[in-house]
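# Understanding the architecture of this molecule
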Amino acid sequence: MLRNQKKPKEARAYRIKHNYDLGDLITTYQWILQLAINHVWENISWVKKEILNYYTIPNSRKSVKLLKLQGKRFRILGKKILVFYKAERLIPRIPKSAEFVREMRNYLMSIWRRTPYATHYVDSAIRTAYWILESWRTNYLHGKFGGNKPVIKKRFARIKNTLFRVRDGELILTVIPKQKYLRFSIRNTWFYNRIKSWKLGEIILKDHEVILMFTKEKEEIETKGAIGWDMNIFSMDGFGDDGYIQISLKELFRIHIVYHNRRREIQRLLKTNPKLAIRLLRKLSIRERDKIRDLIHKLTTDIARRYSNCLHVFEDLEKESYIIGEGNIIELSLSMIGELSLKS
């Protein structure tokens, strides 16, 4: 049995408009936050590591036969083949030792004391800097970001719970200790009854609004049974204590085919009027995405209501395509199927 295991939490965020002049506070916080990022960045160590990378080639029987003869590792994904190879890559290691954090805090505090604001803003800036750098590192390792240092452009101040308190439905936030406080009435907001029993965990302060983030431990729910789901092209097939369940996905497939045909018609304009064609294709893609999201939301909501308090088990969706017969390949979109994961 695991000890000190954290219970899962629910989170909700709400906005409140304000008329306070917070230009100097947010600018100063943004400045100290960037200094914290710079200090950590200068102390990041880059380590060479051997990784498995890949390049893509068109899928054909000839290509597959040649790759097998060459003894290369590959994976077929629809109309393309991923060919894997080993390469060296620089992996960043972010310093997190207590000694390093203490030294950085002392350095930032020596600068922050020139301002009249509460010293706890420095702790908040350090915490936010690490959060930003960890997010950058994750995206860097996935190939989404380059090796450039993050630069703060958006104006905000992330406030930790040592800088505010809630009393009688009123949020009181410290700006300058014993001198300046910001007060926000929560009691009169439309969402107050929803978060009465929730804990205010963190605040994001902006020039004209404040974002309140509430958390609450999830209640343990006894499951009444389990349903194993198998994802197919035209249906979701479930097997549970009550027997066989089938949910049709034909409408999802129909939407894809309809917009695929419309896209082909518009693509004919690329030679004669490319600007118009590109604009229409963008609109069509957004419309298709919205229709799919709406349908998936309705499907998952209906399943969650009909089979509440059930444990839902899904197949491994690492497979992105299924090969049927000889060379006939039908691709399944993980972005569509992945959203069908349910909250029990």
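Residues numbered from 1 in each chain as written. Predicted model: local features only at pLDDT ≥ 70, side-chain atom pairs only at ≥ 80, totals over all residues. Heavy atoms only, no water.

Ordered by their spatial adjacency, three strands build an open sheet running β2-β4-β3, and the pairing between neighbours is antiparallel. Taken across any chain shown, the strands that pair with only one partner, and hence form the sheet edges, are β2 (45-58) and β3 (74-77). This sheet shows a mean twist of 40° between the axes of neighbouring strands, independent of strand direction. One ladder, built from 14 bridges, connects β2 with strand β4 (residues 80-93); its direction is antiparallel. Directly across from N53, in β4, lies its bridge partner Y85. (Pairing = 2+ DSSP bridges. Helix = DSSP H or I, 4+ residues; strand = E, 2+ residues; numbered from the N terminus. Axes fitted to C-alpha atoms, helices over the stretch in contact; angles between N-to-C directions.)

This part is about the packing of helix α1 (residues 23-42) against helix α4 (residues 120-141). Running from N to C, α1 and α4 point in directions that differ by 55°, and their axes come no closer than 9 Å. With respect to each other, α1 and α4 are oriented oblique. As α1 packs across α4, the resulting crossing turns out to be right-handed. Taking contact as the criterion, the partners of L25, Y29, I32, L33, A36, I37, V40 and W41 in α1 are, on α4, Y121, S124, A125, T128, A129, Y130, I132, L133 and W136. A class-by-class count of the residues in the contact of α1 with α4 yields 15 nonpolar, two polar and no charged. (Parallel < 35°, antiparallel > 145°, perpendicular 65-115°, else oblique. Left-handed = near helix turned anticlockwise from the far one by under 90°. Contact = heavy atoms within 4.5 Å. Nonpolar A, V, L, I, M, F, W, Y, C, P; charged D, E, K, R; others polar.)

Here helix α3 (residues 98-112) spans 20 Å end to end across 15 residues, near enough to the 21 Å set by a 1.5 Å rise per residue. The set of residues buried in α3 consists of F100, M104, L108, M109, I111 and W112. Each buried residue of α3 sits inside an arc of 165° when the element is viewed along its axis, so together they form one side. Projecting away from the buried face of α3 at angles above 90 degrees are the exposed residues A98 and E99. Residues of α3 that are buried in the fold lie against α1 and α4. (Expected span 1.5 Å × (residues − 1). Buried < 20%, exposed > 50% of the residue type's maximum accessible area, 1.4 Å probe, protein only. Arc of directions from axis to C-beta.)

Another aspect to go through is the sheet that holds strand β6 (residues 164-167). Across the sheet, which stays open at both edges, the three strands sit in the order β6-β7-β8 with antiparallel pairing between neighbours. Where the open sheet ends on each side, the last strands, each with one partner, are β6 and β8 (180-185). Between one strand and the next, the sheet's axes are offset by a mean angle of 25°, whatever the strand orientation. Examined bridge by bridge, β6 and strand β7 (residues 170-176) share four bridges and lie antiparallel to one another. Across the sheet, R165 pairs through a bridge with I172, a residue of β7.

Let us look at α4. One full turn of an α-helix is made of 3.6 residues, so residues set three or four places apart face in the same direction. Between its terminal C-alpha atoms α4 stretches 32 Å, which fits the 32 Å expected from 22 residues at 1.5 Å a residue. G143 sits one or two residues past α4 and shows a positive phi near 80°.

Residue placement: P95 occurs in the loop between β4 and α3. As a C-alpha pair, P95 and I44 span 51 residues in sequence and 6.2 Å in three-dimensional space. Among residues more than four places away in sequence, those in contact with P95 are V40, N43, I44, F100 and Y130.

This brings us to the pattern of salt bridges. Per the counting criterion, the structure on display carries 13 salt bridges. A salt bridge links K17 to E209; the nearest nitrogen and oxygen atoms lie 3.5 Å apart. With K17 in strand β1 (residues 9-17) and E209 in strand β10 (residues 209-217), this pair connects stretches of sequence that are 192 residues apart. Salt bridges linked by common partners bring R15, K17 and E209 together as one network. (Salt bridge = Lys/Arg side-chain N within 4 Å of Asp/Glu carboxyl O.)

The next point concerns unusual backbone geometry. Even without being a glycine, D168 presents a positive backbone phi close to 55°. The residue D168 is located in the loop between β6 and β7 in this model. Accessibility expressed as a relative area gives 65% for D168, which makes it exposed. One non-glycine residue with positive phi stands out, namely K178, at about 65°. Its location among the elements puts K178 in the loop between β7 and β8. A residue is classified by how much of its surface remains accessible, and K178, at 80% relative accessible area, is exposed.

Both β3 and β4 contribute to a ladder of four bridges, which runs antiparallel. The residue bridging L77 from the neighbouring strand is K80, located in β4. Connecting the antiparallel pair β3 and β4 is a turn made up of two residues, with G78 showing a positive phi of about 65°.

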